[in-house]
Amino acid sequence: MGSECKHMADTSDVTQHAIDYSQRIPNNVDLATDRSLQRALERWQPAFLNWWNETGPANTAALEVYLRTAVSVDRDGWANFGYVRMPEYRWGIFLTLRDEDRKIHFGDHKGEPAWQDVPGEYRSALRRIIVTQGDTEPASVEQQRLLGATCPSMYDLRNLFQVNVEEGRHLWAMVYLLHRYFGRDGREEAEALLQRRSGDLNNPRILTAFNEKTSHWLAYYMFTFFTDRDGKFQLAALAESAFDPLARTTKFMLTEEAHHMFIGESGVARALQRTCEVMREYNLTDPMQVRGQGVIDLETLQRFVNFHYSVTLDLFGSEISSNAASYYTGGLKGRYAEGNIGDDHALASDFYSVPESQDGKIVNREVPALTALNARLRDDYLREIQAGVDRWNRIPQKFGIPFRLTLPHVGFHRKIGSFGGQHISPDGRVLSKDDWESESPAWLPSEDDHAFVSSLMGRVIEPGKFANWIAPPARGVNNQPIQFEYVRFN
Ligand SMILES: [Fe+2]
Ligand SMILES: [Fe+2]
């Protein structure tokens, strides 16, 4: 009897982990058993492909790219690498294994079984959360559309395309939830996700950072380091959700996100490495002389850090937010690593310290913790960002160069939240509007900075060769050599 039970458990394990690639839409959610859902998604699929061809990575239809494709949602489900023609990538619907006993572990419903369907009272809030997350995924693909034309190496080109196809899959993940759980409204939202465009004046993407241009590879690496990591923290908070399908789909998305952030961190590190090499070799400190050697001066790197960090902090929303409080008490969105926090997971009588500017000074104010959940998630985020910046700073240190990259004050260059519309310097001084206008050009990338960085961007696609402004990576993809042919041009 005992062994029979075990056998049954094993079988269900296999069916839920493995991804069925024999279907038109690869999935591990038994799509074939729900005909109307399957038909609805099969109608959305060509619209997705049209969107991909129109706004996805330009001129890639003929390329074969060494990509990883998920074969299961297990830890080793990523082991599958091979050449894929870009438009033939198998986008699909992958959720992590369902835990039948999963309980809600925070908020008003704590201790109740996780929801397998959407409770009526939370329907519009959950739809809004899913649409907002879903909208960022195609947006970043659109933002990165033209980068392939100026790639610093074949290795980097491959990594760009890997990110692009996975962001496309993240859109599939959110669209599955909309179609499966939100009826007609969900289908309409899924259509609209293919209609908005990053940077479009009439029909832009929902969040500001996703309407900014990513016009060169430095912006791309900064984006994947700073902004994809916002994605990680939002997904991690949703992975705690009482709505179990949302928790399971975001858990799997997180495994893909880790690679995007690696590309960002290592990309900036490699640019920094190359700059430090040149500064040592020619004994240079003056930024214009550094630029004269065709690498990005450290001061310019700092300005890009300031920009991408501050724009990404706005994605966390207002520090004080009644929406965030009701998402938490409702069980829709938890805190980062909720399960590891040793409190009552209700926060009814807790306080949290939030900085704000008052009478020309920055002060910390204690506010009810429930209302400060956006600030808290941001603080968790910036601890991780700071650790990454510390790793970057080992590079100039190793070269004996005294320069260190720093993160500006959280109030710097903000449009949203308590610092929105205020004038805060990177070192946390409250400035007048006039002082801001005279000083801030030194803190943010100028047109000239963008023009200079863009001028370095040639297209390097010979295997094993790298643009002058960036060092090679420490190792190749999937244990392949650095000079491996990661992209086949036919
Ligand atoms: Fe994503
Ligand atoms: Fe990402």
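Residues numbered from 1 in each chain as written. Chains lettered and ligands numbered in written order. Predicted model: local features only at pLDDT ≥ 70, side-chain atom pairs only at ≥ 80, totals over all residues. Heavy atoms only, no water.

K.L.:
Help me understand the sheet that holds strand S1 (residues 64-68) in this model?
P.N.:
Strand order in the open sheet made by the three strands is S2-S1-S5, with antiparallel pairing throughout. With partners counted over all chains shown, the strands left at the sheet margins are strand S2 (81-85) and strand S5 (487-488), one partner each. The sheet strands contacting helix H4 (residues 154-181) are S1, S2 and S5, and the helix crosses S1 at an angle near 65 degrees. (Pairing = 2+ DSSP bridges. Helix = DSSP H or I, 4+ residues; strand = E, 2+ residues; numbered from the N terminus. Contact = heavy atoms within 4.5 Å. Axes fitted to C-alpha atoms, helices over the stretch in contact; angles between N-to-C directions.)

K.L.:
How should I be thinking about the confidence of the model for the chain in this particular structure?
P.N.:
Detailed reading of predicted coordinates is not advised where the pLDDT is low. Per-residue confidence for the chain averages 94 on the pLDDT scale, and 97% of its residues sit at or above 70. Scored below 50 in pLDDT, residues 1-16 makes eight contacts in the model with residues more than four places away or belonging to other chains. (pLDDT = per-residue confidence, 0-100.)

K.L.:
Please explain the packing of helix H3 (residues 123-143) against helix H6 (residues 217-238) as it appears in this structure.
P.N.:
When two helices pack together, their arrangement is captured by the angle between the axes and the distance separating the axes. Here H3 crosses H6 at 160 degrees, and the two axes come no closer than 12 Å. What the angle tells us is that H3 and H6 run roughly antiparallel. Crossing angle aside, the handedness with which H3 passes H6 is left-handed. Taking contact as the criterion, the partners of Ile129, Gln133, Ser140 and Gln143 in H3 are, on H6, Phe223, Gln234, Leu235 and Leu238. Among the residues forming the contact of H3 with H6, the class breakdown is four nonpolar, four polar and no charged. (Parallel < 35°, antiparallel > 145°, perpendicular 65-115°, else oblique. Left-handed = near helix turned anticlockwise from the far one by under 90°. Nonpolar A, V, L, I, M, F, W, Y, C, P; charged D, E, K, R; others polar.)

K.L.:
Mind showing me how you'd approach the coordination of the iron ion (ligand 2) here?
P.N.:
Six octahedral donors around a metal ideally subtend angles of 90 or 180 degrees, whereas four tetrahedral donors ideally subtend 109.5 degrees. Bound to the iron ion (ligand 2) are the protein donor atoms Glu167 (OE), Asp228 (OD), Glu257 (OE) and His260 (ND1), situated 1.8 to 2.2 Å from the metal. Coordination at the iron ion (ligand 2) is irregular, judged from the four donor atoms that bind it and the angles of 92 to 167 degrees they form at the metal. For the iron ion (ligand 2), the single-chain donor residues occur in sequence as E-x60-D-x28-E-x2-H. Here the iron ion (ligand 2) and the iron ion (ligand 1) are spaced 3.5 Å apart, linked through glutamate 167, which binds each one. Remark: aspartate 228 occurs in helix H6 and glutamate 167 occurs in helix H4; sequence separation between them is 61 residues. (Donors = N, O, S within 2.8 Å, 3.2 Å for Na, K, Ca; no water. Tetrahedral: all angles 85-135°; square planar, octahedral: opposite > 155°, others 65-115°.)

K.L.:
Whenever I open this one, the coordination of the iron ion (ligand 1) confuses me. Can you help?
P.N.:
All of the protein donors around the iron ion (ligand 1) are Glu137 (OE), Glu167 (OE) and His170 (ND1); their distances to the metal are 2.0 to 2.2 Å. Along the chain, the residues donating to the iron ion (ligand 1) fall in the pattern E-x29-E-x2-H. When its relative accessible area of 0% is taken as the criterion, histidine 170 is described as buried. (Buried < 20%, exposed > 50% of the residue type's maximum accessible area, 1.4 Å probe, protein only.)

K.L.:
Would you mind going over the packing of aromatic side chains with me for this structure?
P.N.:
Each aromatic ring pair is summarised here by two numbers: the centre-to-centre distance and the angle between the ring planes. Scanning the model with the defined rule gives 36 aromatic pairs in all. For the ring pair tyrosine 221 and tryptophan 469, a centre distance of 6.4 Å and an interplane angle of 50 degrees mean the geometry is tilted. Of this pair, tyrosine 221 sits in helix H6 while tryptophan 469 sits in the loop between helix H13 (447-456) and S5, and the two are 248 residues apart along the sequence. Residue tryptophan 469 is classed as buried on the basis of its relative accessible area of 1%. Measuring from ring centre to ring centre gives 5.0 Å for phenylalanine 484 and tyrosine 486, while their planes differ by 65 degrees; the resulting arrangement is edge-to-face. (Phe/Tyr/Trp six-rings, centres within 6.5 Å; stacked < 30°, edge-to-face > 60°.)

K.L.:
I would appreciate a short explanation of the pattern of salt bridges in the present structure.
P.N.:
Once the charged atoms of two side chains with opposite charge are near each other, the side chains can pair. Inspection of every chain in the model, using the stated rule, returns 35 salt bridges. Of the charged contacts, one joins arginine 184 and glutamate 188 as a salt bridge, the two residues approaching to 3.1 Å between their closest N and O atoms. Here the residue arginine 184 and the residue glutamate 188 both occupy positions in helix H5 (residues 183-195), the gap between them amounting to four residues, near one helical turn. Classification of glutamate 188 by relative accessible area gives partly exposed; the value is 44%. In this structure, aspartate 448 engages arginine 291 in a salt bridge whose closest nitrogen and oxygen atoms are separated by 3.5 Å. Remark: arginine 291 occurs in helix H8 (residues 287-292) and aspartate 448 occurs in helix H13; sequence separation between them is 157 residues. Given a relative accessible area of 9%, arginine 291 falls into the buried group. (Salt bridge = Lys/Arg side-chain N within 4 Å of Asp/Glu carboxyl O.)

K.L.:
How should the pairing of strand S4 (residues 361-368) be read in this particular structure?
P.N.:
On any regular strand, side chains alternate: one points to one face of the sheet, the next to the other face. Sheet topology places strand S3 (residues 351-358) next to S4; eight bridges connect them, and they run antiparallel. Along S4, the bridge assignment pairs serine 353 with glutamate 366. Turn length for the S3-S4 hairpin, with the two strands adjacent in sequence and antiparallel, is two residues, and the turn residue aspartate 359 shows positive phi of about 50 degrees.

K.L.:
For this particular structure, what's the right way to read a positive patch on the surface?
P.N.:
On the surface, a cluster of positive charge is made up of Arg35, Arg39, Arg43 and Arg187. The element that contributes the greatest number of residues to the positive patch is helix H2 (residues 35-55), accounting for three residues. Mapped onto the elements of the fold, arginine 43 is located in helix H2. (Patch = residues over 30% accessible without salt bridge, like charges linked within 9 Å, V, L, I, M, F, W, Y side chains within 5 Å. Areas by Shrake-Rupley, 256 points an atom, 1.4 Å probe, with all protein chains shown as cover. Lys, Arg positive; Asp, Glu negative; His and termini not counted. Charge placed at Lys NZ, Arg CZ, Asp CG, Glu CD.)

K.L.:
Help me understand the nonpolar core, please; the structure alone is not making it clear to me.
P.N.:
Nonpolar side chains tend toward joint burial in soluble globular proteins. Counting 113 residues, the largest nonpolar core has Leu41, Ile93, Tyr176, Trp217, Phe226, Trp392 and Trp469 as the members making the most contacts within it. Ranked by residue count, the leading element in this core is H4, at 16 residues. For tryptophan 469, the residues in contact, after removing those within four places along its chain, are Pro152, Trp217, Tyr221, Ala271, Arg274, Gly294, Val295, Ile296, Leu456 and Met457. Counting residues in each nonpolar core, the second largest holds 13 residues, with Tyr328, Leu347, Ala369 and Ala375 among its members. (Core = buried A, V, L, I, M, F, W, Y, C linked by side-chain atoms within 4.5 Å.)

K.L.:
Explain the environment of glutamine 38 to me, please; I cannot follow it from the model alone.
P.N.:
As for its placement among the helices and strands, glutamine 38 is situated in helix H2. Filtering out sequence-adjacent residues up to four positions away, glutamine 38 remains in contact with Gln23, Leu31 and Ala32.

K.L.:
Explain the environment of alanine 346 to me, please; I cannot follow it from the model alone.
P.N.:
By the secondary structure assignment, alanine 346 is in the loop between helix H10 (322-330) and S3. Here the alpha-carbon distance between alanine 346 and aspartate 244, two residues 102 residues apart in the chain, equals 19 Å. Non-local contacts of alanine 346, meaning those with residues more than four positions away in its chain, are made with Tyr328 and Leu370.

K.L.:
Looking at this structure, I do not really get the side chain of glutamate 265. What am I missing?
P.N.:
For glutamate 265, the location among the structural elements is in helix H7 (residues 244-282). A residue is classified by how much of its surface remains accessible, and glutamate 265, at 16% relative accessible area, is buried.

K.L.:
Sorry, what's going on with unusual backbone geometry here?
P.N.:
Most peptide bonds adopt trans geometry, and most residues besides glycine take a negative phi value. Located in the positive-phi region is histidine 413, a residue other than glycine, with phi close to 55 degrees. Tracing the sequence through the fold places histidine 413 in the loop between helix H11 (373-398) and helix H12 (433-439). The exposure class of histidine 413 is buried, given its relative accessible area of 16%. Residues other than glycine seldom take positive phi values, yet asparagine 479 does so here, at roughly 65 degrees.

K.L.:
Please clarify how H13 should be interpreted in this entry.
P.N.:
The periodicity of an α-helix, 3.6 residues per turn, causes residues three or four positions apart to be oriented the same way. Three or more residues of H13 are buried, namely Asp449, Phe452, Val453 and Leu456. Take H13 and look down its axis: the buried residues cluster within an arc of 95 degrees, on one side only. Facing away from the buried surface of H13 by more than 90 degrees, the exposed residues are Glu447 and Ser455. Against H6, H8 and helix H9 (298-313) lie the buried residues of H13. (Arc of directions from axis to C-beta.)

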